[in-house]
Structures are given as structure tokens and as C-alpha cells.
Amino acid sequence: MVRKRLAATRKRKLEELKERKAKPKEISIPSRATPKNLSAVTGLSTIDILKVAIKCGHEPRTVDDVLPPELVDILCEELYFVPRRSDLNEGTGMKLTRTIDEADMVPRPPIVAVMGHVNHGKTSLLDALRKTSVVDVEEGRITQRLSASMVQLSSGQKITFMDTPGHNAFAAMRQRGAAMTDMVILVVAADEGVMQQTEEAIEVTREANVPLLVAINKIEKEGANPSKVKRQLLQHGVILEEFGGDVQCVELSASTGKNLDELTDAILLQAEMLDLRADPNGPAESVVIESKIDKGRGVVGTVLVRQGQLKLNNFFVAGGTWGRVRGLTDWLGRSTTKADPSTPVEVIGFKTKILPDPGDDLVVVLGEEQAKQILDYRKERLHAKEALTDVVQASDPAARAAAAKQEMEKALNVVIKADIGGTLQAVESTISQFPQDEVKLRIIKSAVGDISTTDIGLAKDTGAVVFGFNVPPMNSVLELARVEKVDINNYSIIYQLADDIKKRLESMLAPREVEEEVGRGDVLSVFSVTMPNREQHNVAGLRVVRGALDSRLRVRLLRRNKDVNADEEYAALYDGPIESLKKFKDDVTLAKKGDECGLALPKWNDLRPGDIISCYRMKQVPRKFGDPK
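Let me sum up the structure you'll find in this document. Remember, it's a predicted structure, so these values are computed and weren't measured experimentally.

**Re a nonpolar patch on the surface**
Then, in step 1: A surface patch of nonpolar side chains, amounting to about 250 Å² of accessible area, comprises Leu234, Ile239 and Phe243.
Then, in step 2: With respect to the helices and strands, the residue Ile239 is situated in the loop between helix H8 (226-235) and strand S9 (249-251).

What follows is the structure, given as C-alpha cells:
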């Protein structure tokens, strides 16, 4: 009975672990984390917490011992939890987010992400709304970065739009876009219907838990069928209002402008139901949408203000960097002195060359001293966590074996440079999906900025190939790459870069051996000859009917199956080398089509008229991902 209960408990714990692995659970971490209070927030026993702590090289004396923050992070990773800490900045005692009084909250513009399949008209729809033509200058007419813009309607109301790429290489950007927004407009072409990225956008919206609006675009095109699109959406769990659901749908044409007003009305109605509010006063809390290095301005971050007001001369921290706002530029390129909630702006004034990652918070702080305190503590935490991770891996035999195996594996080393952080993430996300069971892809360096001579030196030392995205190298860099024999490539369309890397990886796969028939002969007669050792040996008299027989290659003896129910018409009775091949009385290497010759097989006498001799060789064929070995 006890054993059954233990088995049931183990089974339950394994099932819970699998569920958390598939979708990690977010938990609130106490400021003073102990095995006891971690047990309470995770739902696990203190024994489970202690086991992982000991595995990580830390042995608490009691269940009330305070655990180091970096150990708590690793515990969460091991047990598939996502830690969420209080808004006090760790170690500084100063809040990075402020308490907001409901009385100070005022309505703010809605933030809307536009998603959908590639070429279904997302950017064209935004062009029509903001009266611009971004789509004409996009490489390959595909949006390749997350962009934000603010549209002011004739009523004076404003809407902030975020255009997300539709190509499958930009899944991470779409997820980030949905997480930053109040609602998502799903653009579906009326003539094509629900496609791969349409389905992905639906799933991303569900995960972000934001409302969905459907815009059926291109209704003016021949073959447009909005009714079919609606039925397809229904099959994917998107229930429109006309079917009794709560999802608004607008049929429109971005090219003719038909029903654009209905779309903006639907957005404002959804915003009214959400009662979107923010405090426009006080220090700003923003999120980084994009980051890049500009030759004239240094590090530039595109941010979306969520609370408060971002002003000139504000000190801020963002990810692993800090700065003081020296300039603010709106989405039209105009300078401004402040940015209110829901407003996207470019920020100039970062004090380091470190770029904030898209998704990082950009928060206004009291001054330079506080900003540096916060960054110093973050660096200490990161270094402590890395050191503890090294200790765990060093004590784990499986990790050591994996590291030793990695050194012996085939690998393609790459250095990647991109113009902005979002596209860099998209490149990394795309190429990391390539199978790596046979050939490893090692990213030696990945950064935003131009390809430099330092990058060429690093590539030479590590045998890496340099890939740039929208960062054409200078002539001096190209010359150094030529001298050092470093392969350097620059692309402006992401899937072309990904295809190049994929082909290089595939070229390193072990080739597949396939059989190729080079000749075939029909046995016309069989006669017996006396061999030098005085043994009788049967020889086939045959005519070559296809290709050529080669005495250096292997042959198969094929005979028609007597069993009419057999799977194969012919059975292979012999598979091996040729003992001798003669034309008349002369030994020959080749017997070509139309030749009559004599053929003997070593230690094989079972030859009959009507048999077929098939001569073949093994040929090495390059493989692609997914091909059999």
C-alpha cells in the first residue's frame, strides 16, 4: 500500500514537472527567500527545494536559512518556474516603479499591434491610416523590424500602432509586440485566408491575454471570400461577434481606403471597454521597443512610454546600461521635449556602448549616482549567478561529458552583426532552430553595430564566418577580410541570411551513400570450365543490355521469383565481387552495352539462363536537413 502511494506521488510530481517545463509558472519571490517560504509559493515540499539547493552546491542548515538571489534564480530554472520579484531595486533600497494613485489616472491612447501572415497587407493598412508609404522602402516589401507610430484621427483621438513582421523568422518580435500592447489587429487577406503566421499570431495573442480584432483586408481583389475567412477563423477558435462571440471584425481594403473608419471605430470601442488609463505625471516608466547604434548619435533606443512623462535631462536605467535624455524624437522624426503615456519616441543620451535589449524596461531614476548603483548591483548578481552555474556544471558528470563531446563535434562558427537589436534577435531565433544533432552552430559573437576590424580578427582566430544584416562593411574592413581570408557576408533580407547559414550547415553533414546501377546484362547461357585448381566452375555467357559491366565493382545476381505473391518480381541471390570478366578469351575491365562476354562469380555456380547481372557502385550524395542518413 505504501509503495503504491509513493509511486502515485512520484508520478504526480513528474506530471507537474512536465507541465511546468511546457509552460513555466510565474511565482512571486519573497525579498528574503528561504526553503520554507519557497515551498509555500511553489507548492513543492521543502525536501524538493533542499535537494536542488544541495545539487547546486549550497547546503542550507535549516529550512529558514536565507538563500542567495542567484541560487534562487537557478532553483527556479531547475524546477521550471519564472521568478518575479518585488519592485524594489535589488540591493539599493530605491523603488524603480512607483505607486500610482487611481485619482491621478487619466485616459490614454490605445496601443495596438498589427499582426498577420506575410504580405497580407499589415504595413499597407498602416500606410493608409497614417498616410505614408513605408512599404515601398522595405527590403523585399517585407517588414523586417518592429516599428511604432501614432495616428491622430480627425476627432483628435490618438492611436499608437505597432507593425510586426509577418515572416516566420520574426516570431520573437511578434511575441514582444503582443506583450507590449492593449489589443491586436489580426490582418487576414480575403483572397488567401488563414495561413501559417495567421495561426501563430492567434496563438501569440492568446498567450499575451489581450483582445483580438480581425481586419479582413484586400476585399477588392478577385477571388476575395470574407465568408470563407470567417469560417477558417472559427476553426481556430476565433469566434466573431456575428457568430455569437466577442471578436469584432471589419472587412476593408487598405488600397482603396474602404471601411478604414470602421476599423478605427472598432479600436476606440475596444479601448473604451478596456478603460485604458495612465498617470501622465511623475517619472516615466517605459519599455524598449528597439535599439541601434547610429553613427552620428551613438546608441539610440526606441521606447514606448507606459506611465509618467519622459522628459529631456531625465536620468534613466535600461537593462545593462544607463543614460541621461539628451534628445527625444517622435515617429515622424521631429524633436520633442517630452513623451506622454502610449507615445513612442527615440531616446538619445545613453552613456555606454551597451545596447538595451528589446523588452527591457527604461525607467527614470533620481540621478547618475542611483543609476550607477543599480547597474553595479545588476552586474554583481549576473557574475554571481554565472559563477554558481559554473560550479553546478563542474560538479555534474553529465555536464562535463557534454562539454567534452562538444569539443569533438563538427561546428560552424559565426559572428553576427546587425543594425538594430530586434533584427539581431530575429536572426538568432531563426538560426537557432536549425537541427544541431550532427553539426553545431556556434555564435562566437552577436552584436548590434557595423562590422569592424576587431570582428575580422575574432573570426580569423576562431575560424568563423562573418554575417551582417543591414551593416555594409567599409572598404578597409573588406580589405582586411581579404588579406586574412575571412568569409564576410552582408544581407538586407533576413531569410536570405538564414538560408546561407542553413546551406553551410547542410554542406557539413555526412553524405548519404546511395546505390547507382552502372550496367546490366542478361544471362543467355551457362557453361562449365576447368579452373587452374582443376575444379569445375560455371561461367555465365551474357549480353550487356544497359550501361557497362565493370570488373572492379560489385554485382547482384537477380532471378525472377517463382512465387507470384512475392513483394518483389526478382530475388537477389548473390551480392559481391566479380571473379573474372572475359571477352572472347581476353580478360577485360569493362564490357559495354551490346558486348557479349563471359562472367564468373567467386565460389558461386548457381547460374541459369534468364538471370540478370546488375553491376552497381555506391555513390555519395550531399544531404539536407531532414534527409535520411
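**Points about the sheet that holds strand S22 (residues 465-469)**
Then, in step 1: Strand order in the open sheet made by the four strands is S21-S20-S22-S23, with parallel pairing throughout. Of all the strands in the sheet, the pair left with one neighbour each is strand S21 (439-448) and strand S23 (488-491). Strand-to-strand twist across the sheet, computed as the mean angle between neighbouring axes with direction ignored, equals 25 degrees.
Then, in step 2: As judged from the five bridges shared by strand S20 (residues 410-418) and S22, these two strands associate in the parallel manner. The residue of S22 that forms the bridge with Val415 is Val466.
Then, in step 3: Sitting on the sheet, helix H12 (residues 421-431) touches S20, S21 and S22, and the angle it makes with S21 is about 175 degrees.
Then, in step 4: Relative to the sheet, helix H13 (residues 453-462) contacts S20, S21, S22 and S23, its axis offset from that of S20 by approximately 175 degrees.

**A few points about the pattern of salt bridges**
Then, in step 1: What the rule picks out here adds up to 35 salt bridges.
Then, in step 2: The residue Arg556 makes a salt bridge to Glu515 at a minimum N-O spacing of 2.6 Å. Linking Arg556 in strand S26 (residues 554-560) with Glu515 in strand S24 (residues 512-530), this pair joins segments that are 41 residues apart in sequence.
Then, in step 3: With relative accessibility at 42%, the residue Glu515 sits in the partly exposed group.

**Let's talk about the nonpolar core**
Then, in step 1: Counting 39 residues, the largest nonpolar core has Leu310, Val347, Leu362 and Ile501 as its most contacted members.
Then, in step 2: Counting contributing residues per domain, this core is built from domain 3 (285-376) and domain 4 (408-508), each supplying no fewer than three.
Then, in step 3: Non-local contacts of Ile501, meaning those with residues more than four positions away in its chain, are made with Leu412, Ile431, Phe434, Leu441 and Phe467.
Then, in step 4: Grouped together as the second largest cluster of nonpolar side chains are 25 residues, Leu129, Val187, Ala215 and Val250 included.

Cut-off values and rules
- Residues numbered from 1 in each chain as written.
- Predicted model: local features only at pLDDT ≥ 70, side-chain atom pairs only at ≥ 80, totals over all residues.
- Heavy atoms only, no water.
- Patch = residues over 30% accessible without salt bridge, like charges linked within 9 Å, V, L, I, M, F, W, Y side chains within 5 Å.
- Areas by Shrake-Rupley, 256 points an atom, 1.4 Å probe, with all protein chains shown as cover.
- Salt bridge = Lys/Arg side-chain N within 4 Å of Asp/Glu carboxyl O.
- Helix = DSSP H or I, 4+ residues; strand = E, 2+ residues; numbered from the N terminus.
- Pairing = 2+ DSSP bridges.
- Axes fitted to C-alpha atoms, helices over the stretch in contact; angles between N-to-C directions.
- Contact = heavy atoms within 4.5 Å.
- Buried < 20%, exposed > 50% of the residue type's maximum accessible area, 1.4 Å probe, protein only.
- Core = buried A, V, L, I, M, F, W, Y, C linked by side-chain atoms within 4.5 Å.
- Domains from an automatic or database assignment.

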